[in-house]
Amino acid sequence: MLKSLSIENIAVIEKAEIEFSEGFNVLTGETGAGKSILVDSISAVLGERTSKELVRNGAENAYVYACFEDVSKDVQRKLSEFDIPLEDGVLIISRKISAQGKSSCKINGRNVSVSMLREIGVLLVNIHGQHDSQALLNSDYHYKFLDLTGSDASFIEEYKKSFKELVSVRKRLKSLTADADTKDRELEILEYQIKEIESADIKIGEIEKLSERKKIIQNSQSIAGTLRGVLAYISGDDETAGIENLVGSAIAEIKGLSDFDSDFKKSNEILYSVSDSVERLKDICNLKLSEIDFSENELESVEERLNLILNITSKYGGSEEAAIAFLENAKEKKRLFDNSDEELEKLNNQYDYLFSQTLSLAEKLSEYRKVLAKKLEEDVTEQLIFLDMPKIRFKVNFEKGNLSSNGFDRIEFLISTNPGEPPKALSKIASGGELSRIMLAIKNILAGNDSVGTLIFDEIDTGVSGRASRKIGLKLKEVSNMTQVICVTHSAQIASLAQTHLQISKKFENERTYTQVNKLDFEQRKYELARIMGGLEITDNLLQSAEDLLNN
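Below is a summary of the structure that appears in this document. (Residues numbered from 1 in each chain as written. Predicted model: local features only at pLDDT ≥ 70, side-chain atom pairs only at ≥ 80, totals over all residues. Heavy atoms only, no water.)

**A look at the overall build of the protein chain**
Okay, step 1: What the protein chain contains, in helices and strands, is 20 helices and 15 strands.
Okay, step 2: Whereas a compact globule of 552 residues would reach a radius of gyration of roughly 24 Å, the protein chain reaches 41 Å, over 25% beyond that.
Okay, step 3: Here the C-alpha coordinates of the protein chain stretch approximately 130 × 70 × 50 Å along the principal axes.
Okay, step 4: Every one of the 552 residues in the protein chain was classed for burial, and the buried ones make up 41%.
Okay, step 5: Approximately 30,900 Å² of the protein chain is accessible, and the part contributed by carbon and sulfur atoms is 48%.
Okay, step 6: Put simply, the protein chain has 71 plus and 92 minus side-chain charges, and the middle of one group is 7 Å from the middle of the other. (Helix = DSSP H or I, 4+ residues; strand = E, 2+ residues; numbered from the N terminus. Rg over C-alpha atoms; globule rule 2.2 N^0.38 Å. Buried < 20%, exposed > 50% of the residue type's maximum accessible area, 1.4 Å probe, protein only. Areas by Shrake-Rupley, 256 points an atom, 1.4 Å probe, with all protein chains shown as cover. Lys, Arg positive; Asp, Glu negative; His and termini not counted. Charge placed at Lys NZ, Arg CZ, Asp CG, Glu CD.)

**Quick notes on the pairing of strand β1 (residues 2–10)**
Remark: a regular strand shows side chains that alternate across the two faces of the sheet.
Okay, step 1: The element β1 is extensively covered by neighbouring structure, given that seven of its nine residues are classed as buried.
Okay, step 2: Pairing between β1 and strand β2 (residues 13–19): six bridges, direction antiparallel. When the sheet's bridge partners are listed, Ile-7 is paired in β2 with Ala-16.
Okay, step 3: In this structure, the hairpin formed by β1 and β2 is closed by a connection of two residues, where Ala-11 is found at a positive phi of approximately 50°. (Pairing = 2+ DSSP bridges.)

**Some remarks on the packing of aromatic side chains**
Okay, step 1: Evaluated as defined, the whole model comprises seven aromatic pairs.
Okay, step 2: Residues Phe-145 and Phe-413 carry aromatic rings whose centres are separated by 6.3 Å and whose planes lie at 40° to one another, so their mutual orientation is tilted. In this pair, Phe-145 sits in helix α5 (residues 142–148) while Phe-413 sits in strand β10 (residues 407–416), placing the two residues 268 residues apart along the sequence.
Okay, step 3: Look at Phe-413 and you get buried, because its relative accessible area is 0%.
Okay, step 4: Where Phe-155 meets Tyr-368, the ring centres are 4.6 Å apart and the plane angle is 20°; that geometry is what we call stacked. A residue pair is termed long-range when its members are at least 10 positions apart, and Phe-155 in helix α6 (residues 154–176) and Tyr-368 in helix α14 (residues 340–386) qualify at 213 residues. (Phe/Tyr/Trp six-rings, centres within 6.5 Å; stacked < 30°, edge-to-face > 60°.)

**Topic: the pattern of salt bridges**
Okay, step 1: Applying the stated criterion across every chain, the model contains 17 salt bridges.
Okay, step 2: Note that Lys-475 and Glu-478 form a salt bridge whose closest N and O atoms lie 3.1 Å from each other. Taken together, the residues Lys-475 and Glu-478, both in helix α17 (residues 466–479) and three residues apart, mark about one turn of the helix.
Okay, step 3: Judged by its relative accessible area of 35%, Glu-478 is partly exposed.
Okay, step 4: When salt bridges that share partners are traced, they join Lys-78, Glu-81 and Glu-119 into one network. (Salt bridge = Lys/Arg side-chain N within 4 Å of Asp/Glu carboxyl O.)

**Focus: the environment of Glu-298**
Okay, step 1: Positionally, Glu-298 belongs in helix α12 (residues 298–315).
Okay, step 2: Spatially, the C-alpha atoms of Glu-298 and Ile-217 are 8.4 Å apart, while their sequence positions differ by 81 residues.
Okay, step 3: When sequence neighbours within four positions are dropped, the list of residues in contact with Glu-298 reads Arg-213 and Ile-217. (Contact = heavy atoms within 4.5 Å.)

**Digging into the packing of helix α8 (residues 206–218) against α12**
Okay, step 1: In the contact formed by α8 and α12, the axes pass within 10 Å of each other and the chain directions differ by 150°. Considering their axes alone, α8 and α12 lie roughly antiparallel with respect to each other. Along this stretch, α8 crosses α12, giving a crossing that reads as left-handed. On α12, the residues that touch Glu-206, Ile-207, Leu-210, Ser-211, Arg-213, Lys-214, Ile-217 and Gln-218 of α8 are Glu-298, Leu-299, Val-302, Glu-303, Arg-305, Leu-306, Ile-309, Leu-310 and Thr-313.
Okay, step 2: A per-class count over the contact of α8 with α12 returns eight nonpolar, three polar and six charged. (Axes fitted to C-alpha atoms, helices over the stretch in contact; angles between N-to-C directions. Parallel < 35°, antiparallel > 145°, perpendicular 65-115°, else oblique. Left-handed = near helix turned anticlockwise from the far one by under 90°. Nonpolar A, V, L, I, M, F, W, Y, C, P; charged D, E, K, R; others polar.)

**Overview of the nonpolar core**
Okay, step 1: Core analysis: the biggest nonpolar cluster contains 43 residues, and Leu-5, Leu-38, Phe-68, Leu-91, Ile-93, Ile-107 and Leu-124 have the highest contact counts within it.
Okay, step 2: It is helix α1 (residues 35–45) that provides the largest number of residues to this core, a total of six residues.
Okay, step 3: Among the nonpolar cores identified, the runner-up in size contains 32 residues, and Tyr-143, Ile-156, Tyr-159 and Phe-394 belong to it. (Core = buried A, V, L, I, M, F, W, Y, C linked by side-chain atoms within 4.5 Å.)

**Brief notes about the sheet that holds strand β6 (residues 103–107)**
Okay, step 1: Pairing within the open sheet is antiparallel, and its six strands lie in the order β2-β1-β4-β5-β6-β7. The open sheet has two edge strands with one neighbour each: β2 and β7 (110–112). Taken over all neighbouring pairs, the strand axes of this sheet differ in orientation by 15° on average, direction set aside.
Okay, step 2: Examined bridge by bridge, β1 and strand β4 (residues 61–69) share six bridges and lie antiparallel to one another. Looking at the pairing, Ile-7 lines up with Val-64 of β4.

**Some points on the sheet that holds strand β11 (residues 424–425)**
Okay, step 1: Within the open sheet, the three strands sit side by side as β9-β10-β11. Their pairing is antiparallel. On the outer flanks of this sheet lie β9 (393–404) and β11, each paired with one strand and no other.
Okay, step 2: Bridge analysis of β10 against β11 gives two bridges, and the strand direction is antiparallel. Counterpart to Leu-414 in the pairing with β11 is Ala-425.

Quick look at the structure:
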């Protein structure tokens, strides 16, 4: 649920801190005080599109912070997908909007994109405003409302899995049955690539070995001179004793002292170790000196081989491993081309089987939805009767369309506002007030199944009479038993039923407009309800009526 909202420099709101509670929250205030701005701020922090016009005049940036608690498992899964930590079940979202129109978002301190924020936002809050009835007016969304009323998702999941497999096989079939000329060209290219890589006979590590050999050849004289010098130091000559002889002499000299002290014995062992090391060094130098011997054409041969491998690897992945992997992949593609007729027959059989299976599952899903539809018609009708719409007839219409990821049902909600008239599309005959109440009825039915933790209704009472407003308030309170409800309202009947009443007011200082939000106690609520009900003057009778509403 939405625990708190903090706003800075949004339109007429310089700064506001708002605490919400569980259950039913209402926002009231005079027209133009900033109630809709609060809803716009919540939309912004949930990732909805916004603009620089929202930034308060004279400010460089606007900020919105929202704190959520006890978020649903759906939200937790989405956070996990984005690798965003959730500490103690608390989720803090912030959005910064600059006067230049740029925007930045954070979730629990992590920078995220607006699209990521929107994916999480739709799982946290559902906003329904006076003019926000696209979901009801657009029949493409109606199947979603219907599916949410069911408690058994196995029909939907099984169908979606089968349809996904069907689409995958269809894509492979389409690829195999591509234009013959295209296939011939692709096969020709594959054969050329395979031949080119295979003829190079690439081996992993060969580039490194060839590069080292090239360096040795190019620097052979310098290397040979150095090695001969080192060997001269080791072996010596006719005039000078080498390290080898000197160490041998030292061993002979100190050997006679071993009987006098154990330390001399250890020294002797050290000299033997030095002698062994010198011998190994001599062997290494002789070996490397012998390797330096090369034919006049070897450098040319090494460079030619190295250039060939570098050229092949640069064309096919940038490394020996990548080129070999490319070769194996090309061979597999060629094998598929060579066996395309056999593969095509296999895929056709698989497609026929999956199509039959998917169609059968779509029929089962359709039957399941028709059972849900009958129950939804009864429940919505019952809700609408309570909401002072006794003559409206609500119907879920089914038509059969093409297979899609949602089945073959084309589902549309229809209503008849007067007895004897056939049901028609909501978009053709429902007024704004009727749409709001139909949406409220559906929300009330879905509240137990919907994982969204907060529902916001923006002026749902527009165009509704006092008696109907009271009924709407009772329904909102009923929904709030299962999920948090925040309602912007001009109705005293609705506001009196809330557990938390927030008043939005504005004041003028130094030719600037400021908006503030205050949580009202019982006495303050009486005066606010009296203001909503009354005219220019708040009378004792209005105050008594307001108190009666609160007590009832």
